[in-house]
Amino acid sequence: MRILSCLGAAHDPWMVVLAGAVCLLGAWVSVRLCARVCASFGLSHAGWIFLGAVAAGATVWCTHFVAMLAYRPGVPIGYAPGETALSLLIAILGSAGALALAAQRDPRAPEAGGAILGATVAAMHYTGMGAVTVEAAVQWDAWVVAASVLVAIGLGALALGRAVRVSSAGGRLGAAGLLALAIVALHFTGMAALTLLPFAPPEGAPTTDAARAGLAVAIAGVGLLLLGTGAASYLVDHQAREEAAARLRHLAESAAGGMVIEQRGRIVEVNAAFEALSGMPRAALLGGAFAAWLDGPEAIGEGAVTRAALRPAEGAAIPVEVATSSEPARPGEPGLMVYAVRDLRPRLAQECRIAQLTRTDGLTGLANRAGFLEALEGAVAACAPPGRIALLAIDLDRFKEVNDLYGHAVGDLLLQTLARRLAHTLGDGASVARLGGDEFVALAPVSGRDAALELAHRLAGALGHPVTVAETDIVCGACIGVALFPDDAASATALVNNAELAMQRAKSAPVERVCRYEEAMDEAVRVRRQMLTDLRQALAQEAFALHYQPQVSVATGAITGYEVLLRWHHPKRGFIPPSDFIPLAEETGLILPIGAWVLRTACAQAATWRAPQRIAVNVSAVQLAAADLPELIERTLRETGLPPARLELEITETALISEPTRTAELLGQIKALGVSIAMDDFGTGYSSLSMLRAFAFDKIKLDRSFMGEIERSEQARAIIRAVLTLADSLGIPVLAEGVETEQQLGFLRAEGCDEAQGFLFGPPVPRLVEPARTPVLAT
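Predicted, not measured: the structure shown is a model, and the values here were computed from it. Each chain carries its own residue numbering, running from 1 in the written order of its sequence. With the structure being a predicted model, the display of local features is reserved for residues of pLDDT at least 70 and the display and counting of side-chain atom pairs for 80 or more, all residues being used for whole-chain, interface and lining totals. Note that water and hydrogens are dropped before the side-chain values are worked out from all heavy atoms of the structure.

How do you make sense of the overall build of the chain when you look at a structure like this?
Across its full length, the chain holds 26 helices and 26 strands. Accessibility here uses a 1.4 Å probe with only protein chains present; expressed as a share of the type maximum, an area under 20% marks a residue as buried, one over 50% as exposed, and anything in between as partly exposed. Sorting the 779 residues of the chain into buried and exposed places 46% on the buried side. Across the chain, every contact between residues at least 6 apart in sequence was considered, and the portion connecting residues at least 24 apart equals 67%. All accessibility values rest on the Shrake-Rupley procedure with a 1.4 Å probe; residue burial counts only the protein chains present in the view. If you sum the accessible surface of the chain, you get close to 37,000 Å²; carbon and sulfur atoms cover 60% of it. In DSSP terms, a helix is any run of H or I states spanning at least four residues, a strand is any run of E spanning at least two, and both are numbered starting from the N terminus. Throughout, a residue-residue contact means that at least one pair of heavy atoms, one from each residue, lies within 4.5 Å.

See the structure below:
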């Protein structure tokens, strides 16, 4: 009641209305600036605090003194300039502190800052009231004063808490109303606590009209400051909006793909790429919701990468990938959600192309191994009785010769032509693939074995026709193996293996180029695989043994050395001849570790003998192809301590003819170590004389086949005489193998042969600790 009485009896109503309008306007500007303060950082943060403090302080000060102009106490009043200016300074500084605190990250900071702002309003009010000079006794109601301060603090806390946390225009207007209410309620509650008891004015006291005029001028100045602050904040805000819009536009256009920027769930910016993707102009997109253009997840979380379908204005849905991120907006505004939209059509087309390439042979355009296996699995899964599937494994004949004679370009043209022939001959419903090199495979549904064989013969006929390439007719031909599902195999893998087995049988056949699978082929493969497994185990367990057969001087009968022979006693199969396992070891490469073991073991054993007899070790063609053979021999001799002169390597003619130049160079490196080289099985090859000319052998070993015919064949004796004469003229000693009778030995002695080896002098025996110095002739 005292407040209402104060408003009605002691104030000019129109001036009170003016004070309220000034307060509400200033509060609106202050609330907007408060939001900028809380959203800014760095140097701009300090600038916004300054503007906000000036606006809030001027609002409080102007409201107070406009209301004081409306005050009619009934006695003359004046205003002390110093205290009046101090009240303005208090209002500005206190507002600055309140805004700085409200901008802190603590969730209670806005209310705390608002409470300080309310206290600042109270401090300014009562400082301003202290500037009033009046010819009257002044009395204050302490309880009403306290109530005014509490009201200001409470409403100030509510006002700044709302100003910081809301971003809508309505929410900020409510915050401005609360701040204005805090200022007005403090002022008029405080004025209700004031009682003036007039007494005669002293001489020279300022009149009320003069004081009002001076105060009006001050209010006008501070009001201009308030308006200037509002105008400055508007200009800065307008510039910030333009800069933010430019940044958004630049951000959107800098993206390689489509980009959409949303604020408050509405599109505020898109780039040209998204316009093209959606088929809509920018103006039609702005203001809408991005989610309305998508088929997919209803909500895309921040930081997520999601696949969806974009619904363009026209046409089919477009597969897209949407990546989201958030970006800070301009001060006082809610954050932005940025959607990077990537058109997946090019990538999906590329993935499809890559998938096709991974299943296609680049040269012929046929399916490759991966594509064929995929088709085979599908055909096997779909095959139902009485249907059958024929798998034809195809290997071209003489293709390597074509490459060697005409070059790879002609070979490629030949493959392309034959691939087209295969596809044309097979027709619809069948498929053909190139597995690599000159290997093809065909897959076709057939009624039975006869139909499969008839198809295979048609393919063989098509491949056997001449192909004209570079004005040259080339006839290639092919070997074809045939296997049927489910007759010959229960799975796709077994079907492939069985067709390849049949193809290998066709390659080894002298005439027939088409071969169907038979169960006996599996047994041969099983035996071969078991042999290979047993070989590996024997090597790992050192289950081999070395036997030694003496080599003697024909003239004196003295032992000159021993040939080292490899023996393998299988724990289940017993003795296995070298002719059964050595070819398999050479084919699989196991001959390399086996040969190294033989060389190391023989040298180590021979090094323990007191008699310095020579040992002869056989070296296969596969070992000669290894470039590190000289290093292996040198290391073995060094580690075992065997003198190089006691080691002789026996090389067959077949091992020499594949790469004679490289082999001669390799043998030269071995001879440089002091190791001797002997040509083994001389007379069975077709290049013996050229080999003797290309390389200076230390010995010739005459093949045992000549000894078997020496007693009944004059031609055999003539050949032996010729070889011995040739060797004598070249200065190369000769050792005859396979000597078993005294008659054979007598002939060799008569013809001047140097050494002999055979069962006449003793069979191969196990490891020797101290070999005999003279042979024991067999009787």
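In this structure, what is going on with the packing of helix α21 (residues 629-640) against helix α23 (residues 660-671)? I would like to understand it.
Pairs of packed helices are described in terms of their axes, by the angle between the two and the distance that separates them. Between N-to-C directions, angles span 0 to 180 degrees; the directions come from axes that are lines fitted to C-alpha atoms, helices contributing only their stretch in contact. Viewed as axis vectors pointing N to C, α21 and α23 meet at an angle of 15°, and their least axial separation amounts to 9 Å. Between α21 and α23, the interaxial angle falls into the category roughly parallel. The chirality of how α21 crosses α23 is right-handed. Residue-level contacts link Leu629, Pro630 and Ile633 of α21 to Leu666, Gln669 and Ile670 of α23. Here roughly perpendicular refers to angles of 65 to 115 degrees, roughly parallel to angles under 35, roughly antiparallel to angles over 145, and oblique to all remaining angles. Less than a right angle of anticlockwise turn of the near helix away from the far helix marks a crossing as left-handed, whereas a clockwise turn marks it as right-handed.

What exactly am I supposed to notice about the pairing of strand β16 (residues 478-485) here?
On a regular strand, one side chain projects to one face of the sheet and the next to the other, so that they alternate. Among the eight residues in β16, eight count as buried, and that is most of the element. Residues of β16 alternate between two faces, with Ala478, Ile480, Val482 and Leu484 on one and Cys479, Gly481, Ala483 and Phe485 on the opposite face, all of them buried. Here strand β11 (residues 388-396) pairs with β16 via eight bridges, running antiparallel. Counted as the bridge partner of Leu391 is Ala483 from β16. Here the rule is simple: two strands pair whenever DSSP picks up at least two bridges between them. Two strands pair when backbone bridges link them, and β16 and strand β17 (residues 514-516) are joined in this way by three bridges, in the parallel orientation. Directly across from Val482, in β17, lies its bridge partner Arg516.

How should I be thinking about the packing of helix α19 (residues 591-606) against α21 in this particular structure?
Relative to each other, α19 and α21 sit at 30°, their axes nearing to 9 Å. Put simply, α19 runs roughly parallel to α21. In the packing of α19 onto α21, the handedness of the crossing is right-handed. The residues of α21 that touch α19, namely those facing Ala596, Leu599, Arg600, Cys603 and Ala604, are Leu632, Ile633, Thr636, Leu637 and Thr640. Residue polarity follows a fixed list, in which Ala, Val, Leu, Ile, Met, Phe, Trp, Tyr, Cys and Pro are nonpolar, Asp, Glu, Lys and Arg are charged, and the others, Gly among them, are polar. Tallied by class, residues from the contact of α19 with α21 come to seven nonpolar, two polar and one charged.

What exactly am I supposed to notice about the environment of Leu93 here?
Structurally, the position occupied by Leu93 is in helix α4 (residues 81-102). Given a relative accessible area of 55%, Leu93 falls into the exposed group.

Could you clarify how one ought to interpret the nonpolar core in this entry?
Within soluble globular proteins, side chains that are nonpolar tend to cluster in buried spots. In this text, buried Ala, Val, Leu, Ile, Met, Phe, Trp, Tyr and Cys residues form a nonpolar core when linked through side-chain atoms within 4.5 Å. Grouped together as the largest cluster of nonpolar side chains are 75 residues, with contacts concentrated most on Phe544, Ile615, Leu647 and Leu649. When residues in this core are grouped by element, the largest group, nine residues, is from α19. For Leu647, the contacting residues outside a window of four places in its chain are Leu599, Cys603, Arg614, Ile615, Val617, Ile633, Leu637, Leu642, Val675 and Ser676.

Help me out: how do you make sense of helix α16 (residues 492-508) in this one?
Residue pairs spaced three or four apart in an α-helix point in one direction, given the helix's 3.6 residues per turn. To estimate how far a helix should reach, multiply one less than its number of residues by 1.5 Å. Compared with the 24 Å implied by 1.5 Å per residue over 17 residues, the 25 Å span of α16 between its first and last C-alpha is a close match. Residues of α16 that are buried include every one of Ala492, Leu495, Val496, Asn498, Ala499, Ala502, Met503 and Ala506, and no others.

So what exactly am I meant to see when it comes to the pattern of salt bridges here?
Side chains that differ in sign of charge can pair as their charged atoms come close. One speaks of a salt bridge when a side-chain nitrogen belonging to Lys or Arg is within 4 Å of a carboxyl oxygen belonging to Asp or Glu. Scanning the model with the defined rule gives 21 salt bridges in all. Between Glu755 and Arg614 there is a salt bridge, and its shortest N-O distance comes to 3.3 Å. Placement of Glu755 in strand β26 (residues 755-757) and of Arg614 in strand β21 (residues 614-619) is noted, with a sequence separation of 141 residues between them. Considered together, Glu755 and Arg614 belong to a single accessibility category, that of buried residues.

What exactly am I supposed to notice about the packing of aromatic side chains here?
For any pair of aromatic rings, the description consists of the separation of the ring centres together with the inter-plane angle of the planes. Note on aromatic pairs: the rings of Phe, Tyr and Trp (six-membered ring only in Trp) are paired at centre separations within 6.5 Å, and the planes decide the class, stacked below 30 degrees, edge-to-face beyond 60, tilted for the rest. Under the criterion given, the structure shown has nine aromatic pairs. Consider the rings of Phe274 and Phe290, whose centres lie 6.0 Å apart with planes at 55°: the pair is tilted. Residue Phe274 is located in helix α9 (residues 272-278), and its partner Phe290 is located in the loop between α10 (282-285) and β7 (294-295); the two are separated by 16 residues in the primary sequence. No difference in accessibility class separates Phe274 from Phe290, as the two residues are buried. Three or more aromatic residues link up through ring pairs in this structure, and these residues are Phe544, Trp568, Phe581 and Trp597.

Looking at this structure, I do not really get unusual backbone geometry. What am I missing?
Leaving glycine aside, a negative phi is the common case for residues, and trans is the common case for peptide bonds. Cis geometry is adopted by the peptide bond preceding Pro486, which originates at Phe485 and carries an omega value of 5°. By the element assignment, Pro486 lies in the loop between β16 and α16. Its identity is not glycine, yet Arg398 carries a phi of approximately 55°, on the positive side. Looking at where Arg398 falls in the secondary structure, it is placed in the loop between β11 and α13 (399-406).

Before we go on, may I ask you to explain a nonpolar patch on the surface in this structure?
Taken together, the side chains of Leu86, Leu89 and Leu93 present a nonpolar region at the surface, about 280 Å² in accessible area. Take Leu89: it is sitting in helix α4. Each patch is built from residues lacking any salt bridge and having more than 30% relative accessible area; the joining distance is 9 Å for like charges and 5 Å for nonpolar side chains (Val, Leu, Ile, Met, Phe, Trp, Tyr).

Whenever I open this one, the sheet that holds strand β13 (residues 439-446) confuses me. Can you help?
Whenever strands of a sheet pair, they do so through backbone hydrogen bonds, lying parallel or antiparallel. Pairing in this open sheet of five strands is mixed, and the strands run β12-β13-β11-β16-β17 from one edge to the other. Bordering the open sheet on either side are β12 (431-436) and β17, each of which pairs with just one other strand. Across this sheet, the average inter-strand angle for adjacent strands is 20°, counted without regard to direction. Contacts from helix α14 (residues 408-426) reach β11, β12 and β13, with the element oriented near 150° to β12.

Just checking my understanding: could you explain the state of the cysteines for this structure?
Here a disulfide denotes a covalent bond joining the sulfur atom of one cysteine to the sulfur atom of another. A pair of cysteine sulfur atoms is labelled a disulfide when the two atoms are within 2.5 Å. On inspection of all chains with the given rule, the structure shows zero disulfides. The thiol of Cys515 is not disulfide-bonded; the next cysteine sulfur, from Cys479, is found 9.9 Å away. Accessibility expressed as a relative area gives 15% for Cys515, which makes it buried.

Honestly, the side chain of Gln744 in this entry has me stumped. Any pointers?
Looking at the secondary structure, you find Gln744 in helix α26 (residues 742-751). For Gln744, a relative accessible area of 7% corresponds to the buried category. Polar contacts, as counted here, are pairs of nitrogen or oxygen atoms within 3.5 Å of one another; within protein the pair requires one atom able to donate a hydrogen and one able to accept it, and residues that are adjacent in sequence qualify only if both atoms are side-chain atoms. One polar contact links the side chain of Gln744 to the main-chain carbonyl oxygen of Met707, over a distance of 2.9 Å.

Whenever I open this one, the environment of Glu587 confuses me. Can you help?
Structurally, Glu587 is set in helix α18 (residues 578-588). What makes Glu587 exposed here is its relative accessible area of 55%. Considering only alpha carbons, one finds Glu587 and Val622, 35 residues apart in sequence, at a separation of 8.5 Å.

Would you mind showing me how to read the pairing of β11 here?
Judged by how many residues are buried, β11 sits mostly within the fold: eight of nine residues are covered. Bridging between β11 and β13 involves eight bridges; their strand directions are antiparallel. Opposite Leu391, over in β13, you have Leu443 as the bridge partner.

Whenever I open this one, the confidence of the model for the chain confuses me. Can you help?
In regions of low pLDDT, the predicted coordinates are not meant to be interpreted in detail. What pLDDT expresses is the predictor's confidence in each residue, scored from 0 to 100. Scored by pLDDT, the chain comes out at a mean of 79, with 83% of its residues at no less than 70. Mean pLDDT per element in the chain: helix α1 (residues 2-10) is the minimum at 48, and β26 is the maximum at 95. A low-confidence stretch, residues 202-207 stays under pLDDT 50, and its non-local contacts, those more than four residues away or across chains, total seven contacts.

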